[in-house]
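Descriptive analysis of the structure
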Amino acid sequence: YLVRMGTNTVGCQFHDCNFAEAQGVGTSESFMTASSLLYSGGADSLLVRNCNFYRGNQGINLVGPAQDKMAHGNKVQKCYFEHQSVNSVIIRNQINAEVDSNTCNDVYSNSSYALLFQDCSGATRVTRNTVYVTSGASCIGATNFFGSATGYAIVANNMFVFVDDGQSNMLTSPLNIITAN
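Values in this document were obtained by computation on a predicted structure and should not be read as measured data. (Residues numbered from 1 in each chain as written. Predicted model: local features only at pLDDT ≥ 70, side-chain atom pairs only at ≥ 80, totals over all residues. Heavy atoms only, no water.)

**Side note on the overall build of the chain**
In terms of regular secondary structure, the chain is built from zero helices and 20 strands. Residue burial in the chain is summarised as follows: out of 181 residues, 45% are buried. Residue pairs at least 24 apart in sequence account for 72% of intrachain contacts in the chain once pairs closer than 6 positions are excluded. Of the roughly 8,600 Å² of accessible surface on the chain, 49% is carried by carbon and sulfur atoms. (Helix = DSSP H or I, 4+ residues; strand = E, 2+ residues; numbered from the N terminus. Buried < 20%, exposed > 50% of the residue type's maximum accessible area, 1.4 Å probe, protein only. Contact = heavy atoms within 4.5 Å. Areas by Shrake-Rupley, 256 points an atom, 1.4 Å probe, with all protein chains shown as cover.)

**A word on the nonpolar core**
One broad rule of soluble globular proteins: the nonpolar side chains tend to lie buried together. Counting 35 residues, the largest nonpolar core has Val-48, Phe-53 and Phe-117 as its most contacted members. Every element with two or more residues in this core is listed here: strand 4 (36-40), strand 7 (58-63), strand 11 (87-95), strand 14 (113-121), strand 16 (130-133), strand 17 (138-146) and strand 19 (159-162). Ranked by the residues each element gives to this core, the list is headed by strand 14, at four residues. Excluding residues within four positions of it along the chain, Val-48 makes contact with Phe-14, Leu-38, Phe-53, Ile-60, Lys-75, Val-76, Gln-77 and Cys-79. (Core = buried A, V, L, I, M, F, W, Y, C linked by side-chain atoms within 4.5 Å.)

**A word on the pattern of salt bridges**
Per the stated rule, a full pass over the model turns up one salt bridge. Across the pair Asp-100 and Arg-128 runs a salt bridge, and its minimum N-O distance is 2.8 Å. One end of the pair, Asp-100, is in strand 12 (residues 98-100); the other, Arg-128, is in the loop between strand 15 (125-127) and strand 16, with 28 residues separating them in the sequence. The class of Arg-128 is exposed, set by a relative accessible area of 53%. (Salt bridge = Lys/Arg side-chain N within 4 Å of Asp/Glu carboxyl O.)

**Some words on the sheet that holds strand 18 (residues 154-156)**
Pairing is parallel across the open sheet formed by six strands, whose spatial order is 2-5-9-12-15-18. Unpaired on one side and paired on the other, strand 2 (13-15) and strand 18 mark the two borders of the sheet. Averaged over all neighbouring strand pairs, the angle between strand axes comes to 5°, with direction disregarded. Sheet topology places strand 15 next to strand 18; three bridges connect them, and they run parallel. Residue pairing for strand 18: Thr-127 is matched across the bridge by Ala-156. (Pairing = 2+ DSSP bridges. Axes fitted to C-alpha atoms, helices over the stretch in contact; angles between N-to-C directions.)

**Structural notes on the sheet that holds strand 19**
What the six strands build is an open sheet, ordered 3-6-10-13-16-19; its pairing is parallel. For this open sheet the edge positions go to strand 3 (18-20) and strand 19, each flanked by a neighbour on one side alone. Direction aside, the axes of adjacent strands within the sheet are offset by 5° on average. Bridge analysis of strand 3 against strand 6 (residues 52-54) gives three bridges, and the strand direction is parallel. Looking across to strand 6, one finds that Ala-20 is bridged to Tyr-54.

Have a look at this one:
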């Protein structure tokens, strides 16, 4: 991890930061890929705004401690993600999370998702994001993603672009854009 935040972290904010993994192109050095550029294992009310994330397996990985002890109110807004090898953003075990106005450019894995939501509840918002993938990755995946009568979960006004580069082992159809179980 470049940045790792644990449980009982409340109200931290990252504004206008650059998170980049070193790349050993053209050298004899080999680098271990960062698991996540920014990882939270249970922070609440975390705000990541106007930040850039380059390379790494995951750009941001926000994980609540457990399904029965979820994190609350974390936000990822107006960030730019490029060339992650697995996911740009993972939101797991979260209540009222917000992923808004981000750009995800070209996740490399052809068996993953640029945006991945697992076990999200309450007024979770996925809005105004632009996701562009070419390597067979899906743009968005969601499992156990639900709202309530008083707090609707919303996926709205996003632009998802999937361009098959001929290397995909997944279906090259609209099914790659949104996958939900």
